[in-house]
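Each chain, written out:
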Amino acid sequence: MRDTYREELDDITTCLVEMTNSVGSAMSKATTALLDADVALADLVIAGDAHIDAVRENVDDRCFTLLARQAPVATDLRSVTTAMATVQDLERMGDLAQHIAKVARMRFPDHAVPQEVRPVFLDMGHTAESLVAQAGAIIAKRDVAAAAQLEADDDLMDRSHQQLFRELLDDAWPHGIQSAIDITLLGRYYERFADHAVSVARRVVYLVTGERPLPVAAAS
């Protein structure tokens, strides 16, 4: 019975790692769809979000079952509650990738991202993919040191986000209000995606150490 319980916890961890792969793929496709005005790729991301939602529901159900049947304590309890919180972060990251794809679809056949800020969004996409890949490795290995590094790497996203605002506030911005709104929303989606990755890393720190790092600003 105990072996089955441990196997279930391990399998839930594996599901979380696989979910980071799905979320990373969604973000990669969403960024390409955004920059290339690729509506077919945007549609793939939008449709694929249902799979990420289904994984979240499955992990939640399995965690509730473990809580009800096994009444875990100490580290085991932290494992279950951390998994439940982590899967919520990962689902939200998938939602944010979907939001980016929806902007790409909404502006098709035009490009939602003007040429002036294209390099910034390319950097944000690369950073987002790197952060979620790091998050998957941190979950798999319960690597506290890597969690600290992920949080440091999040500064790259913050700098890109600030660069976007410098571009938008420049008196020479030629693309009008609608484009500025799109860029503002897209920048927010990427920033929040990164914040959720940081949140995942901090949950692993709590799982391993029992100590809660200072919280990330509320992610949504």
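Residues numbered from 1 in each chain as written. Predicted model: local features only at pLDDT ≥ 70, side-chain atom pairs only at ≥ 80, totals over all residues. Heavy atoms only, no water.

Per an unreviewed UniProt entry, the recorded name for the chain is Phosphate-specific transport system accessory protein PhoU, and the organism is Klenkia taihuensis. For the record of the chain, the UniProt heading Function (unreviewed entry) holds the text "Plays a role in the regulation of phosphate uptake." In its Sequence similarities (unreviewed entry) section, the UniProt record describing the chain reads: "Belongs to the PhoU family." (UniProt positions renumbered as here; feature names shortened; annotations may be inferred.)

Kindly report on the packing of helix 2 (residues 39-70) against helix 3 (residues 74-107), identifying the contributing residues and their values.
Between helix 2 and helix 3, the shortest axis-to-axis distance is 9 Å and the interhelical angle comes to 165°. Classified by the angle between their axes, helix 2 and helix 3 sit roughly antiparallel to one another. As helix 2 packs across helix 3, the resulting crossing turns out to be left-handed. A class-by-class count of the residues in the contact of helix 2 with helix 3 yields 19 nonpolar, 3 polar and 9 charged. (Axes fitted to C-alpha atoms, helices over the stretch in contact; angles between N-to-C directions. Helix = DSSP H or I, 4+ residues; strand = E, 2+ residues; numbered from the N terminus. Parallel < 35°, antiparallel > 145°, perpendicular 65-115°, else oblique. Left-handed = near helix turned anticlockwise from the far one by under 90°. Nonpolar A, V, L, I, M, F, W, Y, C, P; charged D, E, K, R; others polar.)

Can you explain the nonpolar core? Please cite residues and give values.
Nonpolar side chains tend to gather and get buried jointly when the protein is soluble and globular. With 64 residues, the main nonpolar core has Leu34, Phe121 and Tyr190 as its most contacted residues. Listed by contribution, the elements that provide at least two residues to this core are helix 1 (2-36), helix 2, helix 3, helix 4 (118-141), helix 5 (144-169) and helix 6 (176-209). Excluding residues within four positions of it along the chain, Tyr190 makes contact with Met27, Thr31, Leu34, Ile100, Phe121, Met124, Gly125, Ala128 and Met157. (Core = buried A, V, L, I, M, F, W, Y, C linked by side-chain atoms within 4.5 Å. Buried < 20%, exposed > 50% of the residue type's maximum accessible area, 1.4 Å probe, protein only. Contact = heavy atoms within 4.5 Å.)

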